[in-house]
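Report on the structure
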Amino acid sequence: MTNTVDLDITGMTCASCANRIERKLNKLDGVTATVNYSTEKARVEFPETISPADLLTTVEQAGYAATLPPAPDAPRGSADDTATADPTRPLRDRLLISTALSVPVVAMAMVPALQVTYWQWLSLVLAAPVVVWGALPFHRAAWVNLRHGATTMDTLISVGTLAAFGWSLYALFLGTAGTPGMTHPFEITIERTDGAGNIYLEAAAGVTTFLLAGRYAEARAKRRSGAALRALLEMGAKDVAVLRDGREQRIPVEQLAVGDEFVVRPGEKVATDGTVTDGASALDTSMLTGESVPVEVGVGDAVVGATVNSGGRLVVRATRVGGDTQLAQMARLVEDAQNGKAEVQRLADRISGVFVPVVIALAVGTLGFWLGTGGGWTPAFTAAVAVLIIACPCALGLATPTALMVGTGRGAQLGILIKGPEVLESTRRVDTVILDKTGTVTTGRMTLRDVVAAPGEDRDEVLGVAASIEHGSEHPIARAIVDAGDAAGLDRSPVEGFTSTDGLGVHGVVDGRAVVVGRPQLLADWSIELGPELESALSGARSTGATPVVIGWDGQARGVLTVADTVKPTSAEAISRLRDLGLTPHLVTGDNAQAARAVAAEVGIHPEHVVADVLPADKVEVVRRLQREGRVVAMVGDGVNDAAALAAADLGMAMGTGTDVAIEASDLTLVRGDLRVAPDAIRLARRTLSTIKGNLFWAFGYNVAAIPLAAAGLLNPMLAGAAMALSSVFVVTNSLRLRSFRPTG
């Protein structure tokens, strides 16, 4: 028998850290572990022969820290505690302090006019806290990597900054750089120096600050990964009116037990999964199924927690509580999807895996060459340290953050929110897009599509009478009929004796006529027969997946009103643009098959690519089936029922008009709710990714080109500073080009 536990991991700085922990855990007999750098969690399946304490010890031996999740009955912190506990705050404080100290150091080094008599000692005082304390996360990560024989960008940052700082200390205390009145003249010359008069404090402090800015931006994006689960669990009811000895008693929902009976009034959320024991009503289940039409329930019907009662009073007996409910299962689906998602290794880390060992080998080789040729210790160390300093490009710290900042800023102007750098890699390879129907391709609101009057009846009179009597109902279908009557400018007549029959319709007296509006069954109960014309209209409406409503008065059927969720006017154009980007659109919905096929035909999606009548778990399975077929899948949705599929997809895009859960589980948010923004989002993300790659190339390129000069001992501080500034300016300028991005059409 195996057990499963989710460990909270701390101390990871890059995806290679997650891979290292995963390998270490999987070496234990019978253990299967998956470590997610984004969510900072490890899901571990382990046999009974291994204890959770053994897992914690293994993680600690790898150089990281792990904790077990709190017990289910452990007291939870308040919402205020959760809101104030921001794990990125220490990093933000570190960044702000380092920035304040680094700016004058860089300014004095680059502007000779600011180099007062003891400027070099002032630079040391300001730069020392930045290099020692500000760069501590990089030094700590480099030490952990060194213990495991690995090198990452943290290694290069740590070695480069410490080399620059160490050589500056040597030049100040043992060389000639500490002489009062020493300056770095504004000249760019290639000449050999002994290095004893050169300080590199601006490089050490500047690199640290730039990279802290990049690390902070990444940490903020990563922190949002767990927000989907929090938002999903917040959707449930907080308290419940439970029946005890025939009396209602309000208790926290956590105290509800299987078998308890509780009351759900109109407008309230169902507290947990259960079975109706008394009453009848219509439930808004769109959060679960995505279907826009409320579901009628009565005695004996099953109901799901967090769905909303939009009709009469219900009494429900709880059948599942806590972690067994469908809402909790959906939360687990989202978490499983996030854990199973292949994390894209940061581009800089991938490059550094090769670049760092090469640079360190070059520095050692340079030292050996100079000593071997009798050049002396001072020029040998000058050249070796120069290689390390010039190889640590400060532009690297700007490469990703500046492109992301400009790209996401331009995206925000266009109604596109990009969550982080990991998102961009997926957009380049996406070839399939899954679209939810309700609220994504369609408006998600019921509207009157057609009115068919019986022979001899006036269409406007049929609609006017229906709108008059439906005005007393809050049902979404009734609202659609009333809105249509108002839009047509029809006067509403007063209604006498209004009565609602749950699940069937309404009846009352309008202008002295006994009017019945609802399902055909309700009219049959009143002995009102439909003629062949209305029967045909009824069948036609059902064949398109719409909802027909029949109206009759004074013993005769007078018309059929067809209500349906309407397709957004921009959806067909948006799907055409997605095809132009090389994507194959699929429609996946919890709605019925007829409605799904009708919508697909209207917007141009092939019938073979339509999947209907699915639950949230089925949507995830559709995503994974396509992924198993070798597809790279994007998912566009707006509801809670889409959250797990959005997280499971290679690229999740949520409509900004949808639920917070869907938005938090997605990678991109389309603020306006216009599907045409989806192809623009993919284009912008792809262009931002190509800009980041270009920035990384040039950030390394300038420095790689200068390494031979450094190895030859020909780099003076001004030239090194100019190379640093030039590469940084190029990276920023290249990123600013993203501001010219224009949407199509």
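Since the model is a prediction, treat every value here as computed from it, not as a measurement.

The next thing to look at is unusual backbone geometry. One non-glycine residue, Ala306, adopts positive backbone phi at about 80 degrees. Position of Ala306 among the secondary structure elements: in the loop between strand E11 (302–303) and strand E12 (308–309). Judged by relative accessible area, which is 5%, Ala306 ranks as buried. Unusually for a residue other than glycine, Asp554 sits at a positive phi of about 50 degrees. Within the secondary structure, Asp554 sits in the loop between strand E20 (547–553) and strand E21 (556–567).

Turning next to the sheet that holds strand E8 (residues 273–278). Read across the sheet, six strands follow the order E6-E5-E7-E13-E8-E11 without closing on themselves; strand pairing throughout is antiparallel. A single partner strand is all that each edge strand has here, and the edge strands are strand E6 (247–252) and E11. Judged from the two bridges that link them, strand E5 (residues 239–244) and strand E7 (residues 261–264) form a sheet pairing that is antiparallel. Bridge pairing links Ala241 to Val263 in E7.

Attention now goes to the pattern of salt bridges. For the coordinates displayed, the defined rule picks out 22 salt bridges. Its salt-bridge partner being Asp436, residue Lys619 comes within 3.0 Å of it at the nearest N-O pair. Placement of Lys619 in helix H23 (residues 616–628) and of Asp436 in the loop between strand E15 (432–435) and helix H16 (437–441) is noted, with a sequence separation of 183 residues between them. The buried category is assigned to Lys619, whose relative accessible area is 2%. Close ionic contact of Glu461 with Arg513 constitutes a salt bridge, the shortest N to O distance being 2.7 Å. Here the residue Glu461 occupies a position in helix H17 (residues 459–470), and Arg513 occupies one in strand E19 (residues 513–518), the gap between them amounting to 52 residues.

Feature annotation in UniProt places "transmembrane region" (unreviewed entry) on residues 95–112, 118–136, 156–179, 199–217, 351–371, 377–400, 696–712 and 718–736, given in this structure's numbering. Secondary structure across residues 95–112 divides into 89% helix and 0% strand, with the first and last C-alpha atoms of the span separated by 27 Å. A distance of 27 Å separates the end C-alpha atoms of residues 118–136, which is 89% helix and 0% strand.

Looking at chain direction, E7 and strand E13 (residues 314–320) are connected through four bridges and run antiparallel. Opposite Phe262, over in E13, you have Val316 as the bridge partner.

Describing two packed helices takes the angle between their axes plus the distance from one axis to the other. Where helix H5 (residues 119–134) contacts helix H6 (residues 136–147), the axes come no closer than 6 Å and their chain directions differ by 40 degrees. If you check the angle between H5 and H6, you find them oblique. Between H5 and H6, the residues in contact are Val131, Val132, Trp133 and Gly134 and Leu136, Pro137 and His139, respectively. Within the contact of H5 with H6, the residues separate by chemical class into five nonpolar, two polar and no charged.

Conventions we followed
Residues numbered from 1 in each chain as written. Predicted model: local features only at pLDDT ≥ 70, side-chain atom pairs only at ≥ 80, totals over all residues. Heavy atoms only, no water. Helix = DSSP H or I, 4+ residues; strand = E, 2+ residues; numbered from the N terminus. Buried < 20%, exposed > 50% of the residue type's maximum accessible area, 1.4 Å probe, protein only. Pairing = 2+ DSSP bridges. Salt bridge = Lys/Arg side-chain N within 4 Å of Asp/Glu carboxyl O. UniProt positions renumbered as here; feature names shortened; annotations may be inferred. Axes fitted to C-alpha atoms, helices over the stretch in contact; angles between N-to-C directions. Parallel < 35°, antiparallel > 145°, perpendicular 65-115°, else oblique. Contact = heavy atoms within 4.5 Å. Nonpolar A, V, L, I, M, F, W, Y, C, P; charged D, E, K, R; others polar.

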